[in-house]
Amino acid sequence: MTTDPMAEIRTSFFAECDELLESLQDALNLMDEGEHDSETINVVFRAVHSIKGGAGAFGLDALVSFAHQYETVMDEVRSGRLVPDASAIKLFFRAADMLQDIVRTTRDEQHPPPGIEDMLALLKALLHEDAQELDEPVAFTPLGLSLEFDLGAPAIDVAPAEIDDDFGWTITFTPNAGLYASGNEALLILRSLSNLGHCVIRCLVPEDLPPPDESNAETPLLSWRIILEEDVPESDIRQVFDFVNDVCQLQISPRKVIDDLAPTRPERISPTAEAALPPVGSTSAKKPAGDDACPISSAASKVSLVPHPRPARPVDTNAHEPATMVRVDMEKIDRLVNLIGELVINQAMLAQSVETAGMSQQSDIMAGLESFMTLTRDIKESVMTIRAQPVKSLFQRMARIVREASASVEKEVRLKSVGEYTEVDKTVIERLADPLTQMIRNAVDHGLERPDVRRAASKPPEGQITLSASHRAGRVLIEIEDDGAGIDRPKVRDIAIQKRLIAPDASLTDAEIDQLLFLPGFSTATEVSALSGRGVGMDVVKAAITSLGGRITTTSVPGQGTKFSISLPLTLAVLDGMVVQAAGQTLVVPLSAIIETAKLEEQNIHRLSASGMMMRFRQELVPLFDLGQKLGFRDMRDIAAAGIVLLTVQEDGRRAALIVDAIMEQRQVVIKGLGQTCGHIPGVAAATILGDGQIALILDPGDLVWGGASSPHFDTKAG
Amino acid sequence: MSIRDQLQILVVDDMSTSRGLIVQALEAIGIKHIHLASTGEEAIGLLARQPAHLVLSDYNMPGMDGIQLLGHLRANPRTRGVGFILITGKADRQIVESGKSFGMNNFLKKPFDVQDLRSCLEAVVGRL
């Protein structure tokens, strides 16, 4: 842990840079969508300016000089002397990318990235000849202050009413049921209100806001508190609400600055949340009023954005962190996660000992243990949410990949992000970056057609890639969809035959052909392009996703596009598993891989050879394996005597049946890595510690049966 | 007790890095009472409850900028007399002029070191 305060501030500066760069991207996106109001431009300016300011304090010259030029250009835009066209905005994006690179190389104390000079020249070219800023010395005589050390009475007796620093109005606007139904739109009302003067608008979001959908579109759920910083007659304000007077609740009162700082929360606030609020007046913990306030224009433009999966914190175009947040070293959180894992194991062990001791179910100890277990689960879930982060930063990186990739193949591509506030475990986000980058590159390179081809197919010349994230059934779903030509299945089939991945006369369904893309060695030399042909094929992407406990599937419609769907577990630390026994070993099979369990009956077994067996499951024949034998714990034996089979499924739909001796229980287990020393053990994903202190292996049935690389599935169908 | 021990200073900056750096420098000078706000709006609220001798404010902030904050403070009888030092990235003539018109006590150009800050403060409150 570092004790040097400067080093700490430096670390926090780079963390702050990431936030500023994020808000820079957001604001540039708004500009790209045609938003040219001063606040949006100001956000861009301020982000660059703040990075420059901080960098200056640490003497980071490369960063200062680049940010300075960028800032100068944005100052011109801000003052209206430079009106950016589409190509200028493109350049701003690239400059933002470059700025991000310089921040990164500076942080890591590496050489600055190449191309800085070129970018500086391009930025400079945007400026008018006479736009050179004048940083001349300004004459100023400091004004002395006569100090009085009796600063008057402390805060407590300053009643809000005594503060006479009021001008403007505080307006509370709460739509009634009829407002939206009668065709009125809150956004338009807020817009016209902002025509009266500068407005600070806060949206009051109820704690239990349901996810937006068609059925509740006309139900008013939100209300607003507006601070109009302008002394206009009250009648002017009333006029704005003329048409909605009977369908809303409206409160207009002269503004008191003190009101601006009052917590703006819906009334249905839980008592615990109330108690957690910091005491008024504590400087460092007070939530700044400006934090969840955003000016009308950006509030307005955000409304058109995709729905949040949850009532996230109010939209905030400002990059500074709310004072109520605390930055915590990731290491500390990981340690906490590990400890919670130990706690879960410990608790399970304790439960087991209590049971062994023959304690009565009615005893106080059992009751105590039960609430202890509930608490443990709650703590575990809370800790897991600390590790969760919105996928936004990942999606922004992808936006950059799209910009760079589309420029290098001369295609016009727009990236649409949906659900960027969906929260996913931080490690999952980090490990998704590479596979996602590859898939985005593929979509630009192979998925989307050239503009002339698109025109010929009466599509807009600009291709679209949609990147979306959502929570579904306890997992995270990430989808990459393009509106390109779709998978060229005859071509894929030809390549697979050439590469001897399938027999020439194999008859494959469309879905099976699509699966060929994920086979190792599918990506061919003739397919190599500067962009996606970097030797990283979809097999590597799939392996990366699988190692995260995820699944990847694809759907494609010729002429309309291709969609890859990645389904991931919410966390990497715990897993729902089925504890089974085979050959005297206790093993854990991930519940997500099991679709059914059944009794094994002799008449359903089809023996193919000495070792090969199939089993009839309803109408389908699936390969049958003895788990104990497959893992090398025992030889082949009379399997008909054994009882139970697990029907497991792969993400591509392939199935296999595994014979186990007994099913012990279904439970959550803490995942423990096997460490580097073991290397990859076929069929084994990780390990865990069970309630009795026993170590059990967590299996990867797909890897166990098909062993990753070879694909008997297609071979059996061939010929 | 010296001035340093008694001076109450409110630092206003939206960037936590900048706040950290300013606090660092103020502590190096020996200032004991330092308060923090991350927006002009928050600063006004704080000053209403906890008066200070001197406000050290960044110019470029979301919402209310440094000059607007100064205007607000001067317009309110309770805070009219507070000392005000503006910290700017760029000593723009226009900014300094408007600061002057509101009775800004001094300004400090970024980047600055402890000595710069000390001289800037001493020009306003006397020897520290």
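Residues numbered from 1 in each chain as written. Chains lettered and ligands numbered in written order. Predicted model: local features only at pLDDT ≥ 70, side-chain atom pairs only at ≥ 80, totals over all residues. Heavy atoms only, no water.

- As annotated in an unreviewed UniProt entry, chain B carries the name Response regulator and comes from Paracoccus aurantiacus.

- Per an unreviewed UniProt entry, chain A goes by the name Chemotaxis protein CheA and belongs to Paracoccus aurantiacus.
- Comment text from UniProt for chain A, heading Catalytic activity (unreviewed entry), reads "ATP + protein L-histidine = ADP + protein N-phospho-L-histidine." (UniProt positions renumbered as here; feature names shortened; annotations may be inferred.)

**Thoughts on the overall build of chain A**
Point 1. Broken down by element type, chain A carries 22 helices and 23 strands.
Point 2. Relative to its 719 residues, chain A shows a buried fraction of 46%.
Point 3. Sequence-distant contacts, at least 24 apart, represent 71% of the contacts inside chain A between residues at least 6 apart.
Point 4. With an accessible surface of roughly 35,600 Å², chain A has 53% of that area assigned to carbon and sulfur atoms. (Helix = DSSP H or I, 4+ residues; strand = E, 2+ residues; numbered from the N terminus. Buried < 20%, exposed > 50% of the residue type's maximum accessible area, 1.4 Å probe, protein only. Contact = heavy atoms within 4.5 Å. Areas by Shrake-Rupley, 256 points an atom, 1.4 Å probe, with all protein chains shown as cover.)

**Brief notes about the pattern of salt bridges**
Residue and element names in this part refer to chain A.
Point 1. By the definition in use, this model includes 34 salt bridges over all chains.
Point 2. Note that Asp75 is salt-bridged to Arg78, the shortest N-O span being 3.2 Å. Linking Asp75 with Arg78, this pair stays in helix α3 (residues 61-78), spanning three residues, or about one helical turn.
Point 3. We classify Arg78 as partly exposed; its relative accessible area is 33%.
Point 4. Arg400 is paired through a salt bridge with Asp101; the nearest N and O atoms lie 2.7 Å apart. (Salt bridge = Lys/Arg side-chain N within 4 Å of Asp/Glu carboxyl O.)

**Observations concerning the side chain of Ser406(A)**
Residue and element names in this part refer to chain A.
Point 1. Position of Ser406 relative to the elements: it lies in helix α14 (residues 392-408).
Point 2. Here Ser406 falls in the buried class, since its relative accessible area comes to 8%.
Point 3. At 2.7 Å, the side chain of Ser406 forms a polar contact with the backbone oxygen of Val402.
Point 4. If we skip the residues at most four places from it in the chain, Ser406 touches Lys411, Val413 and Val444. (Polar contact = N/O pair within 3.5 Å; in protein donor to acceptor, adjacent residues only side chain to side chain.)

**Some points on the packing of aromatic side chains**
Residue and element names in this part refer to chain A.
Point 1. Applying the stated criterion across every chain, the model contains eight aromatic pairs over all chains.
Point 2. Consider the rings of Phe13 and Phe58, whose centres lie 5.6 Å apart with planes at 35°: the pair is tilted. Here Phe13, found in helix α1 (residues 5-32), pairs with Phe58, found in the loop between α2 (38-57) and α3; they are 45 residues apart in sequence, far enough to count as distant. The pair Phe13 / Phe58 is uniform in exposure class, with both members buried.
Point 3. Taken together, a centroid distance of 6.4 Å and an interplanar angle of 35° make the contact between Tyr70 and Phe92 tilted. Here Tyr70, found in helix α3, pairs with Phe92, found in helix α4 (residues 86-107); they are 22 residues apart in sequence, far enough to count as distant. (Phe/Tyr/Trp six-rings, centres within 6.5 Å; stacked < 30°, edge-to-face > 60°.)

**With respect to the packing of α4(A) against α14(A)**
All names here are of chain A.
Point 1. At a closest axis distance of 11 Å, the pairing of α4 and α14 adopts a crossing angle of 120°. The orientation of α4 with respect to α14, classified from their angle, is oblique. Relative to α14, the crossing made by α4 is left-handed. Each of Phe93, Asp97, Gln100 and Asp101 in α4 lies in contact with α14, whose residues at this interface are Arg400, Arg403 and Glu404.
Point 2. For the contact of α4 with α14, a count of residues per class yields one nonpolar, one polar and five charged. (Axes fitted to C-alpha atoms, helices over the stretch in contact; angles between N-to-C directions. Parallel < 35°, antiparallel > 145°, perpendicular 65-115°, else oblique. Left-handed = near helix turned anticlockwise from the far one by under 90°. Nonpolar A, V, L, I, M, F, W, Y, C, P; charged D, E, K, R; others polar.)

**Digging into the nonpolar core**
Point 1. Ile440(A), Ile465(A), Leu467(A), Ile478(A), Ile552(A), Ile566(A) and Leu568(A) are the most contacted members of the largest nonpolar core, which has 50 residues in total.
Point 2. Look past the residues within four positions of Ile566(A) in its chain and what remains in contact with it is Leu436(A), Met439(A), Val476(A), Leu477(A), Ile478(A), Ile480(A), Ile545(A), Arg551(A) and Ile552(A). (Core = buried A, V, L, I, M, F, W, Y, C linked by side-chain atoms within 4.5 Å.)

**Notes on the UniProt feature "modified residue: Phosphohistidine" (unreviewed entry) in chain A**
Point 1. The feature "modified residue: Phosphohistidine" (unreviewed entry), as annotated in UniProt, sits at His49(A) in this numbering.
Point 2. Position of His49(A) relative to the elements: it lies in helix α2.
Point 3. Residues within four places of His49(A) in sequence aside, it is in contact with Glu71(A), Asn60(B) and Gly89(B).

**Description of the sheet that holds strand β4 (residues 83-88) of chain B**
Residue and element names in this part refer to chain B.
Point 1. One open sheet holds the five strands; their spatial order is β2-β1-β3-β4-β5, and the pairing between them is parallel. Pairing within the sheet leaves two strands with one partner each, and these edge strands are β2 (33-37) and β5 (106-109). Averaged over neighbouring strand pairs, the angle between their axes works out to 20° when direction is ignored.
Point 2. Two elements, strand β1 (residues 8-12) and β2, share five bridges in a ladder whose sense is parallel. Across the sheet, residue Gln8 finds its bridge partner in β2, namely His33. (Pairing = 2+ DSSP bridges.)

**Quick look at the environment of Glu412(A)**
Residues and elements named next belong to chain A.
Point 1. For Glu412, the location among the structural elements is in the loop between α14 and β7 (413-418).
Point 2. Residues Glu412 and Val444, spaced 32 residues apart in sequence, show a C-alpha to C-alpha distance of 9.1 Å.
Point 3. The residues touching Glu412, leaving out its near neighbours within four places in the chain, are Pro451, Pro461, Glu462 and Gly463.

**Observations concerning the UniProt feature "modified residue: 4-aspartylphosphate" (unreviewed entry) in chain B**
All names here are of chain B.
Point 1. Mapped onto this numbering, the UniProt entry annotates "modified residue: 4-aspartylphosphate" (unreviewed entry) at Asp58.
Point 2. Counting through the fold element by element, Asp58 comes out in strand β3 (residues 54-58).
Point 3. Residue Asp58 is classed as buried on the basis of its relative accessible area of 3%.
Point 4. Not counting the four nearest positions on each side in its chain, Asp58 is found in contact with Val12, Asp13, Asp14, Gly66, Leu86, Ile87 and Lys110.

**What to know about the packing of α1(A) against α4(A)**
Residue and element names in this part refer to chain A.
Point 1. Axis separation between α1 and α4 bottoms out at 10 Å; the angle between their running directions is 170°. The angle between α1 and α4 places the two elements in the roughly antiparallel class. Between α1, through Arg10, Phe14, Cys17, Asp18, Leu21, Leu24, Gln25, Leu28, Asn29, Met31 and Asp32, and α4, the contact on the second element is made entirely by Ile89, Phe92, Phe93, Ala96, Asp97, Leu99, Gln100, Val103, Thr106 and Arg107.
Point 2. Partitioning the contact of α1 with α4 into residue classes produces twelve nonpolar, four polar and five charged.

**Side note on the sheet that holds strand β9 (residues 463-472) of chain A**
Residues and elements named next belong to chain A.
Point 1. If you walk across this open sheet you meet the five strands as β7-β9-β10-β12-β11, and the pairing is mixed. Both outer strands of the open sheet, β7 and β11 (551-557), are each paired with one neighbouring strand and no more. Across the sheet, the mean angle from the axis of one strand to that of its neighbour is 15°, orientation sign disregarded.
Point 2. Here seven bridges tie β11 to strand β12 (residues 561-569), and the two strands are oriented antiparallel to one another. Across the sheet, Arg551 pairs through a bridge with Ser567, a residue of β12.
Point 3. On top of the sheet, helix α15 (residues 426-447) reaches β7, β9, β10 (475-482), β11 and β12; it is set at about 20° to β10, its chief contact.
Point 4. Contacts from helix α19 (residues 538-547) reach β11 and β12, with the element oriented near 135° to β11.

**Topic: helix α13 (residues 364-387) of chain A**
Since the α-helix turns once every 3.6 residues, residues separated by three or four places project in the same direction.
Residue and element names in this part refer to chain A.
Point 1. With 24 residues, α13 should cover 34 Å at 1.5 Å per step; its first-to-last C-alpha distance of 35 Å lies within 8% of that length.
Point 2. Restricting attention to buried positions, one finds in α13 the residues Met366, Leu369, Thr376, Lys380, Val383, Met384 and Arg387.
Point 3. Tucked into the core, α13 has its buried residues touching α12 (330-356), β6 (388-390), β8 (423-425), α15, β13 (574-582) and β21 (662-670). (Expected span 1.5 Å × (residues − 1).)

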